[in-house]
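Coordinate inspection notes
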Amino acid sequence: MAGSLQNQRQQLLGIIEEEEQEKLQKQKEETEGNNNNNNNNKSDMAPTAGNSIHRSGSRPQLDVSKAEIQGNVEEKYPTILLPNQSDDLSHLALDIGGSLIKLVYFSRHEDQSWDDKRKRSMKEPLGLSNGNRRSFPILGGRLHFVKFETRKINECLDFIHSKQLHCGGLESHYSDGVTDQNGIIKATGGGAYKYADLFKERLGVSLDKEDEMDCLVAGANFLLKAIRHEAFTHMEGHKEFVQIEPNDLFPYLLVNIGSGVSMIKVDGDGKFERVSGTNVGGGTYWGLGRLLTKCKSFDELLELSQKGDNRTMDMLVGDIYGGLDYSKIGLSASTIASSFGKTISEKKELEEYRPEDISLSLLRMISYNIGQIAYLNALRFRLKRIFFGGFFIRGHAYTMDTISFAVHFWSNGEAQAMFLRHEGFLGALGAFMSYEKHGLDDLMVHQLVERFPMGAPYTGGKIHGPPLGDLNEKISWMEKFLQKGTEITAPVPMTPLAGTTGLGGFEVPLSKGSTLRSDASALNVGVLHLVPTLEVFPLLADPKLYDPNTIDLSDHSELEYWLTILSEHLPDLVDKAVASEGGTDDAKRRGDAFARAFSAHLARENEASLAVLPDLLVELDSMDEESRLLTLIEGVLAANIFDWGSRACVDLYHKGTIIEIYRMSRNKMCRPWRVDDFDDFKERMLGTGDKKMPHHKRALLFVDNSGADIVLGMLPLARELLRRGTEVVLVANSLPALNDVTAMELPDIVAEAAKHCDILRRAAEAGGLLVDAMINTSDSSKENPSSVPLMVVENGCGSPCIDLRQVSSELAAAAKDADLIILEGMGRALHTNLNARFKRDALKLAMVKNQRLAEKLVKGNIYDCICKYEPAS
Ligand SMILES: Nc1ncnc2c1ncn2[C@@H]1O[C@H](COP(=O)(O)OP(=O)(O)OP(=O)(O)O)[C@@H](O)[C@H]1O
Ligand SMILES: CC(C)(CO)[C@@H](O)C(=O)NCCC(=O)O
Ligand SMILES: [Mn+2]
């Protein structure tokens, strides 16, 4: 149930995030040129120092070897040349079919533009330059799925052009100057041949043709192996996901229902045979349907069918048998004996039939026929599983029910029809996979996770950003495209029609529904997030007993309370952000302004905290070991007040400055805390009397908020551990959520803190976080010449609540050698994981910033502190 809390938070933020991305993308496209005006004053940028933690090979990596800064090092944002980074080239693939063009493209990091902006706003006050940090690996990316009608190929060309997908797209700033190979795009489908010249002419690119069947199979195999919740059954209106074991996938029959239909027996990766096909397919339904109903679009035709009654068109067994069943061969009176047969006996003209009925009858005829032929081929080769793809299906309940019925009925339930969520994108995905370095080939099983469907702002029916202008406005193709998709909404299964069930024959399927689903929510157009998660955190004492949630959200009142808190919280954050921008009256632009204001605010928090860090360090260094440890833990608890996820904290922001809040918080730090295991922790760290304790080998610090929390709380604690000889791994979120610091941002913050502290600097260097030696360190403690490393890993999460059953492989690897786990913050240590048991020593630190939670968890009050220490179990 934390899932729903998590999702809710993510959803709320996602809405803003997606909007901001679109906006920033536009700004970026406009300003891209400006960043490239560098001169040739080259400076070497050392290749990445080896990090003692192996980064996951499960996702595209940024190859920074031989990286060098192009242009003047003094320049604020010089372009970095990455001559060996070839992944960037694998960003777009096409499947140009008889009816539709499908595009798949990859953007390396979903927040590329957002992060750039945020980094800029953070670097400016800090005066950081690119030269003394290493380029940090990229955290996953996104696969985008878009389709266009083939007859409107110009729209597709405009879209590719507007996004610059043909020459490196979003990544072009990385590889500026190495664009010579960008003139080639992988393409499949008949149109790769037919339109090759047009692509050359309009975009100056050559289409590298890949075989259509090869691509369909590669796409299907990839989806079925790598994506959870890809395949599902659909019977009588009921949808159920099927988890296919990758070792138990083959053989199967792949039926791709495009304009025409191909049936392919698949025996393995690249092992297949096209065993059949039929020319009665999607093109037939759309073409005949258009002629017979005058519909202007495929969706309109499909939507019409939902209000249809096929009995006015189809000749039923009862029509032939005077209302009787033909039970001897198992046919009920209501079974369709002949599609459209009824129209021969009536003297009616086409205009006298309802277009709704025509559409339904046609849809049923074609779907049933395909299902039946598929079954016969499955029988021919003794295949039990049939996967149906192609855009004819369009996630339409009636179509799927009809196909499933045919397969189920004729095979006596032996064979099973399954559908794929990325139905129409198999070929395009296959073409994408055919790039030599697409970076997805070594993905582990089911590692791709969809965070939320693309167009979170669209699925709610609300479109933010500029109004859709005239059709020539290139930038809004996507918006128009998505808007089109959202005019249609989700299917609703209908109640069964009375009296139509009979003996075995084909009846009217139940799920006619009244409206279609939206393209966006169905991922026909959408984004697949490549989030390298899904490993169990190896230090859980017993993964089977682990439940991340502390509060039971299946308790309705709890659920309601937290959902209300979260949904009321967001406008406040936005208001705060807008206000800190100087207050804009352009209310519509508030959402757009959010991320910029937010980043600026976070940068100010970091800046303010970094400014007081040297004093704090001097103060700490003047203490004896014991008081220092206590002060450090107090510091973590006090700084944990800076939490934008807490309503109370946001209220505090209205009243005071960061330093005022911090001072107030520090002053309240009197022991005993509400949960106070400090003495046990101290004993483990420092021993008692003469008994000295060995230091921990490696500590994992799950960090929480950006600003004072990380700078004045967790980094000084990390420093203490490092000074004692413990390796420190800072574990931060992969994706942004509230004011949580992300793994992407941490190296910058560490680098800045390292300027004031020799211990941090040496450790960061040893951990590969810093490349160049820092100058001007003001820290006096130089007793640690060769340091243990300080590292940063991403946790695979995009929420303050951490489910340790699903962490990044990087974190899992780092955890193997760890013997101390420190979880910090309400989300990580209270809402989730308070009750988690670990195989290693664990310290849970948080300030409770919610009255109800304080009462419920510790019978205490708001701002109470928790210091829970549990030795290895
Ligand atoms: N918006 C749409 N416009 C047109 N057809 C659509 C649309 N949505 C779904 N379809 C259906 O999908 C079919 C096309 O599916 P798909 O894109 O898989 O095939 P294709 O690649 O164009 O055809 P082929 O592989 O035979 O060359 C159309 O014939 C139609 O039945
Ligand atoms: C010709 C293709 C392969 C083009 O995608 C497709 O439309 C198809 O499989 N049509 C059916 C041709 C047949 O086998 O009768
Ligand atoms: Mn096709």
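Residues numbered from 1 in each chain as written. Chains lettered and ligands numbered in written order. Predicted model: local features only at pLDDT ≥ 70, side-chain atom pairs only at ≥ 80, totals over all residues. Heavy atoms only, no water.

A few words on the pattern of salt bridges. Once the charged atoms of two side chains with opposite charge are near each other, the side chains can pair. Inspection of every chain in the model, using the stated rule, returns 34 salt bridges. Between Glu720 and Arg628 there is a salt bridge whose closest N-O contact spans 2.9 Å. Placement of the pair is Glu720 in helix α21 (residues 708-723) and Arg628 in helix α17 (residues 625-639), with a sequence separation of 92 residues. For Arg628, a relative accessible area of 10% puts it in the buried group. Across the pair Arg837 and Glu870 runs a salt bridge whose closest N-O atoms are separated by 3.5 Å. Pair noted here: Arg837 is in the loop between α25 (826-831) and β24 (841-847) and Glu870 is in strand β25 (residues 865-870), with a separation of 33 residues, a long-range link. Owing to a relative accessible area of 9%, Glu870 belongs among the buried residues under this scheme. If you follow the salt bridges from partner to partner, you end up with Asp621, Arg628, Arg719, Glu720 and Arg723 in one network. (Salt bridge = Lys/Arg side-chain N within 4 Å of Asp/Glu carboxyl O. Helix = DSSP H or I, 4+ residues; strand = E, 2+ residues; numbered from the N terminus. Buried < 20%, exposed > 50% of the residue type's maximum accessible area, 1.4 Å probe, protein only.)

Another aspect to go through is the sheet that holds strand β10 (residues 238-242). Ordered in space as β10-β9-β17-β16-β11-β12-β13, the seven strands form an open sheet in which the pairing is mixed. The open sheet terminates on both sides in strands that have one partner only, identified here as β10 and β13 (271-278). Ignoring strand direction, the axes of neighbouring strands in this sheet form an average angle of 30°. In this structure, strand β16 (residues 385-389) lies alongside strand β17 (residues 416-420), joined through four bridges in parallel fashion. Looking at the pairing, Phe387 lines up with Met418 of β17. Against the sheet, helix α11 (residues 397-410) makes contact with β9 (231-235), β11 (252-257), β16 and β17, and its axis sits at roughly 85° relative to β9, the strand it touches most. (Pairing = 2+ DSSP bridges. Axes fitted to C-alpha atoms, helices over the stretch in contact; angles between N-to-C directions. Contact = heavy atoms within 4.5 Å.)

Moving on, we come to the site of ligand 1. Not every one of the 18 residues close to ligand 1 is listed here, only the nearest: Gly98, Ser99, Lys102, Ser259 and Gly282. Within the backbone of Ser99, a nitrogen or oxygen atom sits 2.7 Å from an oxygen atom of ligand 1. Here an oxygen atom of ligand 1 sits 3.2 Å away from a polar atom, N or O, in the main chain of Phe392. Here ligand 1, which alone exposes 640 Å², has 90% of that area covered by the protein. For the shell around ligand 1, the secondary-structure elements that each account for two or more residues are β5 (100-107) and α7 (282-293). Per-element tally for the shell around ligand 1: the top contributor is α7, with three residues. By residue class, the composition of the shell around ligand 1 is six nonpolar, nine polar and three charged. (Near = heavy atom within 4 Å. Polar contact = N/O pair within 3.5 Å; in protein donor to acceptor, adjacent residues only side chain to side chain. Areas by Shrake-Rupley, 256 points an atom, 1.4 Å probe, with all protein chains shown as cover. Nonpolar A, V, L, I, M, F, W, Y, C, P; charged D, E, K, R; others polar.)

A few words on the packing of aromatic side chains. Per the counting criterion, the structure on display carries 20 aromatic pairs. Consider the rings of Phe405 and Phe409, whose centres lie 5.8 Å apart with planes at 15°: the pair is stacked. Here the residue Phe405 and the residue Phe409 both occupy positions in helix α11, the gap between them amounting to four residues, near one helical turn. Of the residues examined, Phe409 reaches a relative accessible area of 26% and is grouped as partly exposed. By the ring-pair criterion, three or more aromatic residues cluster together here, those being Phe232, Phe241, Phe388 and Phe419. Above the plane of the ring of Trp673 lies Arg671, whose end atom (NZ or CZ) is 5.6 Å from the centre. (Phe/Tyr/Trp six-rings, centres within 6.5 Å; stacked < 30°, edge-to-face > 60°. Lys NZ or Arg CZ within 6 Å of the ring centre and 35° of its normal.)

Below, the discussion takes up the site of ligand 2. Neighbouring ligand 2 are Glu212, Met213, Gly260, Val261, Ser262, Arg274, Gly277, Thr278 and Asn279. Contact between ligand 2 and Glu212: an oxygen atom at 2.4 Å from a side-chain N or O atom of the residue. The side chain of Ser262 places a nitrogen or oxygen atom 2.8 Å from an oxygen atom of ligand 2. Protein chains bury 57% of the 390 Å² of accessible surface belonging to ligand 2 in isolation. For the shell around ligand 2, the secondary-structure elements that each account for two or more residues are α6 (212-226), β12 (261-268) and β13. When residues of the shell around ligand 2 are assigned to their parent elements, the largest contribution, three residues, is made by β13. Here the residues of the shell around ligand 2 are counted per class, giving two nonpolar, five polar and two charged.

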